[in-house]
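Structural description and commentary
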Amino acid sequence: MVTRVEAAAATRSALVRAASELLDEGGPDAVTLRAVGARAGVSRGAPYGHFEHKAHLLTQLAINAWNTLADEVELLRADTDATASTRLERAVMTLIGVARRQPHLYALMFSTPADDPEAATAASRLENQYLAIVADLVGESDAPRYGALLMSSAHGIAGLELSGHLAKDKWQVDGEELVGMLVDAVRSGAGGVDARGGGAAGQR
């Protein structure tokens, strides 16, 4: 027998899933509480029982995206069969991959107010996982500045791809190749040891 708590959780999950679908299809303008409720097949008032307003629901989508990416990066770091450079390239590409697959969600992630406590916590979780992978290559002391370089570069690559300004026939390079070049440059600049399961100072 389904309890009220379980039923409420199922309804909330259905609403979030519906909102995600609408966001992918039409961007933030397509996500209204009424449209989300209709897509989820719940009563007209149900969405208002779970989300105060549209911005609350959109923030939840951004939070989910940050947490999903954090989970993916954590798994990448655990793959000690791959070199530190390979793990870092894959981590950077996970972010670019969101922009490629779900451009509206990607834009939402970086437009959600950073002062929202739950969103800030989710974003920090990804940042910490990502910095740990960077540290495996360059060491903990250099990880923040090289991490900022890689994150801002990834954001730029994603933006250029989305706008169509990173045409390979013009630049003779694509996003994956650019990420590889960046990681190679970071490794060389920091004197990182490209070891499996190790960081700039060797095996951890």
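Residues numbered from 1 in each chain as written. Predicted model: local features only at pLDDT ≥ 70, side-chain atom pairs only at ≥ 80, totals over all residues. Heavy atoms only, no water.

1. A few points about unusual backbone geometry
We note that glutamine 172 has phi near 60°; this positive angle belongs to a residue other than glycine. Residue position: glutamine 172 is located in the loop between α9 (168-171) and α10 (175-190). Glutamine 172 sits in the exposed class, given a relative accessible area of 60%. (Helix = DSSP H or I, 4+ residues; strand = E, 2+ residues; numbered from the N terminus. Buried < 20%, exposed > 50% of the residue type's maximum accessible area, 1.4 Å probe, protein only.)

2. Digging into the packing of helix α8 (residues 143-163) against α10
Contact geometry for α8 and α10: axes closest at 11 Å, N-to-C directions at 165°. Accordingly, the angle class assigned to the pair α8 and α10 is roughly antiparallel. You can see that α8 and α10 cross each other, and the crossing is right-handed. Across from Tyr146, Leu149, Leu150, Ser153, Ile157 and Glu161 in α8, the residues of α10 making contact are Gly175, Leu178, Val179, Leu182, Val183, Val186, Gly189 and Ala190. In terms of residue class, the contact of α8 with α10 is made up of ten nonpolar, three polar and one charged. (Axes fitted to C-alpha atoms, helices over the stretch in contact; angles between N-to-C directions. Parallel < 35°, antiparallel > 145°, perpendicular 65-115°, else oblique. Left-handed = near helix turned anticlockwise from the far one by under 90°. Contact = heavy atoms within 4.5 Å. Nonpolar A, V, L, I, M, F, W, Y, C, P; charged D, E, K, R; others polar.)

3. Some thoughts on the pattern of salt bridges
Counted according to the given criterion, the structure contains 13 salt bridges. Among the ionic pairs, arginine 77 bridges to aspartate 136, the shortest N-O distance being 2.9 Å. Here arginine 77, found in helix α4 (residues 54-78), pairs with aspartate 136, found in helix α7 (residues 117-138); they are 59 residues apart in sequence, far enough to count as distant. The partner of arginine 87 in a salt bridge is aspartate 136, with the nearest N and O atoms 3.6 Å apart. In this pair, arginine 87 sits in helix α5 (residues 84-101) while aspartate 136 sits in helix α7, placing the two residues 49 residues apart along the sequence. Judged by relative accessible area, arginine 87 falls into the buried class, the value being 2%. Here aspartate 136 falls in the buried class, since its relative accessible area comes to 4%. (Salt bridge = Lys/Arg side-chain N within 4 Å of Asp/Glu carboxyl O.)

4. Remarks on the confidence of the model for the protein
Here the protein averages 91 in pLDDT, and 94% of its residues register 70 or above. α5 holds the highest mean pLDDT among the elements of the protein, 97, whereas strand β2 (residues 202-203) holds the lowest, 38. Every residue in residues 199-204 is under pLDDT 50, and counting partners more than four places away or in other chains gives 23 contacts. (pLDDT = per-residue confidence, 0-100.)

5. Quick word on the packing of aromatic side chains
The full count for this structure, using the stated rule, is two aromatic pairs. The interplanar angle of 75° and the centroid separation of 5.3 Å between the aromatic rings of tryptophan 66 and phenylalanine 110 together place this pair among those described as edge-to-face. Note that tryptophan 66 is positioned in helix α4 and phenylalanine 110 in the loop between α6 (103-109) and α7, a separation of 44 residues in sequence. Note on tryptophan 66: relative accessible area 7%, which makes it buried. What makes phenylalanine 110 partly exposed here is its relative accessible area of 37%. Pairing tyrosine 106 with phenylalanine 110 gives two aromatic rings, centres 5.0 Å apart and planes at 55°, and the pair type is tilted. By relative accessible area, which is 4% here, tyrosine 106 ends up buried. (Phe/Tyr/Trp six-rings, centres within 6.5 Å; stacked < 30°, edge-to-face > 60°.)

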